[in-house]
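Coordinate analysis (summary)
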Amino acid sequence: MMSGKEVVCVTGASGYIASWLVKLLLHRGYTVRATVRDPSDPKKTEHLRTLDGAGERLHLFKADLLEEGSFDDVIDGCAGVFHTASPFYLSVTDPQAELIDPAVKGTLNVLKSCAKASSVKRVIVTSSMVAVEQNGRPKNPDVVVDETWFSIPEFCEKSKLWYPLSKTLAEEAAWKFSKENGIDIVTINPGMVIGPLLQPILNTSSATILNLINGSKTFPNASVRWVNVKDVALAHILAYEVPSASGRYCLVERVAHYSEVVEIIRDLYPSIELPEKCADDKPYAPIYQVSKERAKSLGVNFSPLETSIKETIESLRDKADPKRTKHLRELDGASERLHLFKADLMDEGSFDAAIDGCEGVFHAASPVLFTVTYPKAELIDPAVKGTLNVLRSCTKAATVKRVVMTSSMAAVSNNGRPRTPEAVIDETWFSIPEICENLKLWYALSKTLAEEAAWKFSKDNGIDMVTLNPAMVIGPLLQPTLNATCVDIFNLINGSPTYPNLNFGWIHVKDVATAHILAFEVPSARGRYCLVERVLHFSEIVAIIHELYPSLQLPNKCADDKPFVPPYYFSNEKVKELGLGNLIPFKSSLKDTIESLREKGFISF
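Residues numbered from 1 in each chain as written. Predicted model: local features only at pLDDT ≥ 70, side-chain atom pairs only at ≥ 80, totals over all residues. Heavy atoms only, no water.

Going by an unreviewed UniProt entry, the protein carries the name Phenylacetaldehyde reductase isoform X1 and comes from Carex littledalei.

Next comes the structure, spelled out in structure tokens:
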């Protein structure tokens, strides 16, 4: 029925199911208009922006479930609408405000917007199994729940089952409105949805698994309907694409008691401490069956519960990693030869275990912040004390042959000497702390003090140390977050009306990384190495970007009316001794940066 090049809308796109739905829709070639409460909040949108295809075919919109007309603009022109947005809370203070109104009024507001858009062919509504089976009918191993079951609002309200009540009323309202207004809708009614998380925030259903592996003494006396989030997302798409899809679709792979779930986890992860007893002494809540026939007719092949549990736990483990380690774990050879350790720059001895037994230490950890409120706490202490703590750990390890420290050109050139076209800055220049402090160059001060402390400590303790002093480092990003130096390029292509009246030295991240390794491997390496391919004014950078990407809207004037800051030069002679004679040209570095920003979803054009 539906082709993979259409424009579709997904409401509540930052949610658990919706994030997977967006991912699969993009994979199938759709252009996705996605609504979120705050498109500017990276915690809610970054995982969407980094999806494959997001840079070209994902468009984020702000919308409010309780505001009629809020969805008009995003839905207009869409062929399909996937309405997933609805709060999922199991414990509430004000059920009407927290659950029922957003679910019911939100659903009607979305459908009202659909009724205005002649382009909409079909609407898929994310309902729930709680809108199916909360009706007082007995459930036992012989009972088969199917799409003909409907929860009864009065039963839900009397039992204070507020989430089931919200989903039941919302689905009832959806069916009534769609019938009265001639809208083709299909509802998807999943059970307890688990599996890998795309979003950075723990969702309610995944928390049921986390609780079991996170120190709980007991497991609930409940039998639960389980289904994998990927199966749920795919079912939504199939319900849109399959011409004959109609009505409701229950999605449950298996009904299993929590005691069975605990045993599955024990088999998968024997070392995890799990609850040994049930939360009460009553007979176990009976299991029952949920029909899969209609789901199978769509083409859904359910993932086994064991797979869903394993994927959930592995995903929870990944999310618990400090400061995002996924991009490191995915590197070639990482599974065999990468070992991650927890360490704290401010904790003396924190690096002992990681460094013990190492022949080389590359100390790159230091905050890069250009705007700070508390310079000492945010920059200076982590840089200086952190460097000394790493070096102290090196002195304890008899295996360490050399330490390569990442310093900065900020620790070289801030000394009051004029930087003019005749000036050639080299490794003999040292920034002066007092000048940095007087000018409130806090990052430069932190790097200057850290390098000074490192040279003194290494001399006093007989450590063979080399420092690398790179300028502004740009090039492709491996990490998922935007770093401080690439922000300068990002700002130029992301709507800034002006460019700074500044000259900076620039260097490709690959050259910087290679220089670190060479500084360790080359026996004659010593002292400091400045790493700068070229010094350019921001006006020149804008011109190069325009040459590379003529369609981009770029700033056309300087931030002030003063004469342009004059250029100056850096010597590359010493770094050539390392074997790094041909630095990557700035134009290539710039192109690599912009292409990477586009690939990561930070920009789209």
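After presenting the structure, the write-up continues.
**Quick look at the overall build of the protein**
Within the protein, the regular secondary structure consists of 23 helices and 25 strands. In terms of overall dimensions, the protein has C-alpha extents of about 85 × 55 × 40 Å along its principal axes. Looking at the protein as a whole, 52% of its 605 residues are labelled buried. Taking contacts inside the protein between residues at least 6 apart in sequence as the whole, the part at least 24 apart equals 79%. Carbon and sulfur atoms make up 53% of the accessible area of the protein, which totals about 28400 Å². Computed over 66 positive and 74 negative side-chain charges, the inter-centroid distance for the protein is 1 Å. (Helix = DSSP H or I, 4+ residues; strand = E, 2+ residues; numbered from the N terminus. Buried < 20%, exposed > 50% of the residue type's maximum accessible area, 1.4 Å probe, protein only. Contact = heavy atoms within 4.5 Å. Areas by Shrake-Rupley, 256 points an atom, 1.4 Å probe, with all protein chains shown as cover. Lys, Arg positive; Asp, Glu negative; His and termini not counted. Charge placed at Lys NZ, Arg CZ, Asp CG, Glu CD.)

**Some thoughts on a nonpolar patch on the surface**
On the surface, a cluster of nonpolar side chains totalling about 400 Å² of accessible area is made up of Leu-328, Leu-331, Leu-338, Leu-340 and Leu-478. With respect to the helices and strands, the residue Leu-328 is situated in helix H13 (residues 326–329). The class for Leu-328 is partly exposed, based on a relative accessible area of 31%. (Patch = residues over 30% accessible without salt bridge, like charges linked within 9 Å, V, L, I, M, F, W, Y side chains within 5 Å. Salt bridge = Lys/Arg side-chain N within 4 Å of Asp/Glu carboxyl O.)

**Overview of the domain arrangement of the protein**
When the domains of the protein are assigned, the result is domain 1 (5–193 + 228–253 + 288–303), domain 2 (321–470) and domain 3 (472–508 + 535–604). Using C-alpha coordinates to define each centre, domain 1 is positioned 49 Å away from domain 2. (Domains from an automatic or database assignment.)

**Considerations on empty space enclosed by the protein**
Take a probe with the size of a water molecule and roll it over the atoms, and the empty space left behind shows itself. A complete count under the given rule lists two cavities of 30 Å³ or more for this structure. Space inside the largest cavity adds up to approximately 90 Å³. Within the residue set of the lining of the largest cavity, elements represented by two or more residues are helix H5 (95–116), strand E5 (122–126) and helix H7 (162–181). Class assignment for the residues of the lining of the largest cavity results in four nonpolar, six polar and two charged. There is about 40 Å³ of room inside the second largest cavity. Every residue lining the second largest cavity is listed: His-363, Ala-365, Ser-366, Ala-383, Thr-387, Met-405, Thr-406, Lys-447 and Ala-450. Sorting the residues of the lining of the second largest cavity by element identifies helix H16 (375–396), strand E16 (402–406) and helix H18 (442–461) as the ones contributing at least two each. Looking at the lining of the second largest cavity residue by residue, the classes come out as four nonpolar, four polar and one charged. (1 Å grid on protein atoms, 1.4 Å probe; cavity = no way out; pocket = protein on both sides within 12 Å on 5 of 7 lines; lining within 4 Å. Points joined across faces, edges and corners; volume = space filled by probe spheres on them. Nonpolar A, V, L, I, M, F, W, Y, C, P; charged D, E, K, R; others polar.)

**Some points on the sheet that holds strand E19 (residues 472–474)**
Ordered in space as E19-E21-E23, the three strands form an open sheet in which the pairing is mixed. Each edge of the open sheet carries a strand with a single partner, namely E19 and strand E23 (534–537). Mean inter-strand twist for the sheet, computed between neighbouring axes without regard to direction, equals 45°. Where E19 meets strand E21 (residues 503–508), three bridges bridge the pair, whose relative direction is parallel. If you follow Val-473 over to E21, its bridge partner there is Ile-507. Seen against the sheet, helix H20 (residues 509–521) touches E19 and E21 and runs at an angle of roughly 65° to E21. Packed onto the sheet, helix H23 (residues 586–599) meets E19, E21 and E23 and runs at close to 60° relative to E19. (Pairing = 2+ DSSP bridges. Axes fitted to C-alpha atoms, helices over the stretch in contact; angles between N-to-C directions.)

**A word on the pairing of strand E2 (residues 31–36)**
Here E2 lies mainly inside the structure; five of its six residues are buried. Note that strand E1 (residues 7–11) and E2 share four bridges and pair parallel. Looking at the pairing, Val-7 lines up with Thr-31 of E2. In this fold, the crossover linking E1 to E2 by way of helix H1 (residues 16–27) has right-handed handedness. (Right-handed = clockwise from strand over helix to strand, strands pointing away.)

**Considering the packing of aromatic side chains**
Per the counting criterion, the structure on display carries 13 aromatic pairs. Taken together, a centroid distance of 5.6 Å and an interplanar angle of 65° make the contact between Phe-82 and Tyr-240 edge-to-face. With Phe-82 in strand E4 (residues 80–83) and Tyr-240 in helix H9 (residues 229–241), the pair connects residues that are 158 residues apart, well separated along the chain. A relative accessible area of 0% means that Tyr-240 is categorised as buried. A ring pair is formed by Tyr-549 and Phe-605, whose centres lie 5.3 Å apart and whose planes are at 80°; its orientation type is edge-to-face. In this pair, Tyr-549 is assigned in the loop between helix H21 (538–548) and strand E24 (557–558) and Phe-605 in the segment after H23, connecting sequence segments 56 residues apart. Cluster of aromatic residues (ring-pair linked, three or more members): Phe-504, Trp-506, Phe-538 and Phe-586. Positioned above the aromatic ring of Trp-429 is the side chain of Arg-417, whose terminal nitrogen or guanidinium carbon lies 3.9 Å from the ring centre. The ring of Phe-430 carries the charged tip of Arg-528 above its face, separated from the ring centre by 3.8 Å. (Phe/Tyr/Trp six-rings, centres within 6.5 Å; stacked < 30°, edge-to-face > 60°. Lys NZ or Arg CZ within 6 Å of the ring centre and 35° of its normal.)

**Brief notes about the UniProt feature "domain: NAD-dependent epimerase/dehydratase" (unreviewed entry) in the protein**
When the UniProt feature table is mapped onto this chain, "domain: NAD-dependent epimerase/dehydratase" (unreviewed entry) is found at residues 8–245 and 327–525. As a span, residues 8–245 carries 42% helix and 18% strand, and end to end its C-alpha atoms are 17 Å apart. (UniProt positions renumbered as here; feature names shortened; annotations may be inferred.)

**A short note on the side chain of Ser-446**
Secondary-structure assignment places Ser-446 in helix H18. Once you skip the residues sitting within four places of it in the chain, Ser-446 turns out to touch Leu-379, Ile-380, Ala-383 and Val-384.

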